[in-house]
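Each chain is listed here by its residues.
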Amino acid sequence: MSHTTITVSGAAASEILVGHGLLQQLPAALGSGVQQVLIVHTATVGKIASSVRESLAAAGYTALLAEVPDAEAAKRVEVAAFCWQIMGQADFTRSDAIIGIGGGAVTDLAGFVAATWLRGVKLLQIPTTVLAMVDAAIGGKTGINTAEGKNLVGCFYAAERVLCDLELLQTLSPNEIRAGFAEVAKCGFIAEPEILDLLEADVDRATDPTSAEFRRAIELAIKVKADVVSQDFKESGQREILNYGHTLGHAIEHAERYQWRHGVAIAIGMVYAAELGRLAGHLSDAVVDRHRRIFELLQLPVTYPAGRWEGLLATMQRDKKARAGMLRFIVLDDVAKPRVLAGADHSLLRFAYDEIAG
Ligand SMILES: NC(=O)c1ccc[n+]([C@@H]2O[C@H](COP(=O)([O-])OP(=O)(O)OC[C@H]3O[C@@H](n4cnc5c(N)ncnc54)[C@H](O)[C@@H]3O)[C@@H](O)[C@H]2O)c1
Ligand SMILES: O=C(O)C(=O)C[C@@H](O)[C@H](O)[C@H](O)COP(=O)(O)O
Ligand SMILES: [Zn+2]
């Protein structure tokens, strides 16, 4: 089947290709002028990285590998410094390029390294998880964590091209696929009800990477993200909706010392945000129930232990969504009707937590 091209316009201009056999687009996808390429990857996708390196070398490029630690351990300043060192020692210039191959942790790191080396070199992303294909590799949010919180250091820097080769998902565990679907469902709740219908109609087919429903759900989610970032690259307004479920979700990831999958944490965060939307007076019980039903279909958690609220609240205050001491949440008035809830009373926030405490 041929590939689909989804375009991001505006300041984040880039091309997202979705389909099979897309690695064959390399090296042409690199464009002209590039001599050296740094491939940032983890051991998990080492074979893919090596075959990309070989095809680039055969085409005359100098291709270097930077193997980085797995998952959130990649998103540390020490790991960025390791990549900068390889580039420095190879006399990497402004006309050279970085390719990130991996899940969202790698694409966030690779993006950050590309943005910061010589104040910006060409970036290509080859996401290998559902989550990275529909979200992390697109739209140019790059970032690393600090001891105090998630993604506290980073910048906006878009990849020129994102190759979403669905064949690369073959080795992904069902747990990873379902965690990635938390972000797919997020796009359903904030903007695209067809995604929710697909999940409710047959969750097994929708999450089977070989099915037509899977591809449809992935492409719909990518379109939601591409549309939003085309309008608001630097999150001065509309883009905030992509943070649905993330205010609490990031605090949970921090509380769990980054041992939980991002998708798992934000699934709980979205149920919390739905409860908040209901308590703030707009969201119907039916839509709140729909959140629980869909995340349960995806076998994702919908509760978090009671007694953790104070710690989560303190972490949320450090999140970049807090401004002038006021916490900001995305809530829904209905499916596909998101809005910002800023400065809500702490007792309201606490009541919503009581609804998800298990
Ligand atoms: N920049 C953004 O806009 C954005 C959006 C969403 C999430 N994120 C970030 O993305 C990260 C989460 O991404 P993720 O869920 O992809 O997690 P991840 O990058 O940690 O990958 C999850 C696991 O899957 C493994 N893996 C990757 N590809 C594989 C494959 N093809 N086969 C088998 N295993 C494979 C990885 O080695 C890892 O163990 C978080 O750090 C989150 O903050 C960023
Ligand atoms: O692209 C965005 O904008 C998002 O918010 C997408 C989120 O899914 C993603 O997890 C993002 O990294 C969170 O951003 P942050 O600004 O809250 O760190
Ligand atoms: Zn996310």
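Note that the structure is a prediction, hence the values are computed from the model and not measured.

K.L.:
Help me out: how do you make sense of the site of ligand 1 in this one?
P.N.:
Neighbouring residues of ligand 1: 26 residues in total, closest Thr44, Asp70, Glu72, Thr128 and Thr129. Contacts to ligand 1 include Ala105, whose backbone N or O atom sits 2.9 Å from an oxygen atom. About the coverage of ligand 1: the protein hides 90% of its 860 Å² of free accessible area. Of all the secondary structure elements, the ones that give two or more residues to the shell around ligand 1 are α3 (104-116), α4 (130-136), β8 (149-153) and α5 (174-190).

K.L.:
Before we go on, may I ask you to explain the UniProt feature "domain: 3-dehydroquinate synthase C-terminal" (unreviewed entry) in the chain in this structure?
P.N.:
UniProt feature "domain: 3-dehydroquinate synthase C-terminal" (unreviewed entry): in the numbering of this structure it lies at residues 180-322. For residues 180-322, helix accounts for 66% and strand for 0%, while the C-alpha atoms at its two ends are 26 Å apart.

K.L.:
Would you take a moment to explain the packing of aromatic side chains for this structure?
P.N.:
Within a pair of aromatic rings, the relevant descriptors are the distance that separates the centres and the angle that separates the planes. Under the counting rule described, the total for this entry stands at eight aromatic pairs. Both rings, one in Phe181 and one in Phe214, keep their centres 5.7 Å apart while their planes meet at 50°; by these two values the pair is tilted. Placement of Phe181 in helix α5 and of Phe214 in helix α8 (residues 212-231) is noted, with a sequence separation of 33 residues between them. Under the relative-accessibility criterion, Phe181 is labelled buried at 0%. With a relative accessible area of 0%, Phe214 lands in the buried category. Relative to Phe295, the ring of Phe189 lies with its centre 6.1 Å away and its plane at 45°, an arrangement referred to as tilted. Of this pair, Phe189 sits in helix α5 while Phe295 sits in helix α11 (residues 285-297), and the two are 106 residues apart along the sequence. Accessibility classification places Phe189 together with Phe295 in one group, the buried group. Through successive ring pairs, a cluster of aromatic residues spans Tyr272, Trp309, Phe329 and Tyr353.

K.L.:
Help me understand unusual backbone geometry in this model?
P.N.:
Of all residues except glycine, most have a negative phi; of all peptide bonds, most are trans. The amide bond that connects Leu26 to the next residue, Pro27, takes the cis arrangement and shows omega of 0°. Position of Pro27 among the secondary structure elements: in the loop between β2 (14-19) and β3 (36-42). Despite not being glycine, Ala71 has its phi angle at roughly 50°, a positive value. Along the chain, Ala71 falls in the loop between β4 (62-68) and α2 (77-89). Unlike most non-glycine residues, Asp91 shows phi in positive territory, near 50°.

K.L.:
Would you take a moment to explain the domain arrangement of the chain for this structure?
P.N.:
Think of interface size as the accessible area that goes away when the parts come together; that is how it is often given. Splitting the chain by domain gives domain 1 (3-169) and domain 2 (174-355). Here the C-alpha centre of domain 2 lies 26 Å away from the C-alpha centre of domain 1. Across the boundary between the two partners, domain 1 contributes 37 residues, which contact 32 residues of domain 2. The junction of domain 1 with domain 2 conceals about 2,900 Å² of combined surface from both sides, 66% of it contributed by carbon and sulfur atoms. On the domain 1 side of the interface with domain 2, the three residues burying the most area are Val134, Lys150 and Phe156, jointly 21% of the side's total. Remark: the boundary between domain 1 and domain 2 carries four salt bridges.

K.L.:
Before we go on, may I ask you to explain the nonpolar core in this structure?
P.N.:
When a protein is soluble and globular, its nonpolar side chains tend to lie buried together. Counting residues in hydrophobic clusters, the biggest one holds 107 residues, and the most contacted among them are Ile16, Val40, Ile98, Leu109, Phe181, Tyr272 and Phe295. The element contributing the most residues to this core is helix α10 (residues 262-279), with eleven residues. Counting the residues that make up this core, at least three belong to each of domain 1 (3-169) and domain 2 (174-355). In terms of nonpolar packing, the next biggest core, distinct from the first, is built from 23 residues, Leu17, Leu26, Val45 and Ile99 among them.

K.L.:
Teacher, can you tell me more about the pairing of strand β11 (residues 337-342) here?
P.N.:
Note: strand β10 (residues 328-334) against β11, six bridges, orientation antiparallel. By the bridge assignment for β11, Val331 is matched with Arg339. The turn linking β10 back onto β11 is made up of two residues, and Ala336 within it adopts a positive phi angle of 70°.

Cut-offs and rules
- Residues numbered from 1 in each chain as written.
- Chains lettered and ligands numbered in written order.
- Predicted model: local features only at pLDDT ≥ 70, side-chain atom pairs only at ≥ 80, totals over all residues.
- Heavy atoms only, no water.
- Near = heavy atom within 4 Å.
- Polar contact = N/O pair within 3.5 Å; in protein donor to acceptor, adjacent residues only side chain to side chain.
- Areas by Shrake-Rupley, 256 points an atom, 1.4 Å probe, with all protein chains shown as cover.
- Helix = DSSP H or I, 4+ residues; strand = E, 2+ residues; numbered from the N terminus.
- UniProt positions renumbered as here; feature names shortened; annotations may be inferred.
- Phe/Tyr/Trp six-rings, centres within 6.5 Å; stacked < 30°, edge-to-face > 60°.
- Buried < 20%, exposed > 50% of the residue type's maximum accessible area, 1.4 Å probe, protein only.
- Domains from an automatic or database assignment.
- Contact = heavy atoms within 4.5 Å.
- Buried area = accessible area lost by both parts, 1.4 Å probe.
- Salt bridge = Lys/Arg side-chain N within 4 Å of Asp/Glu carboxyl O.
- Core = buried A, V, L, I, M, F, W, Y, C linked by side-chain atoms within 4.5 Å.
- Pairing = 2+ DSSP bridges.

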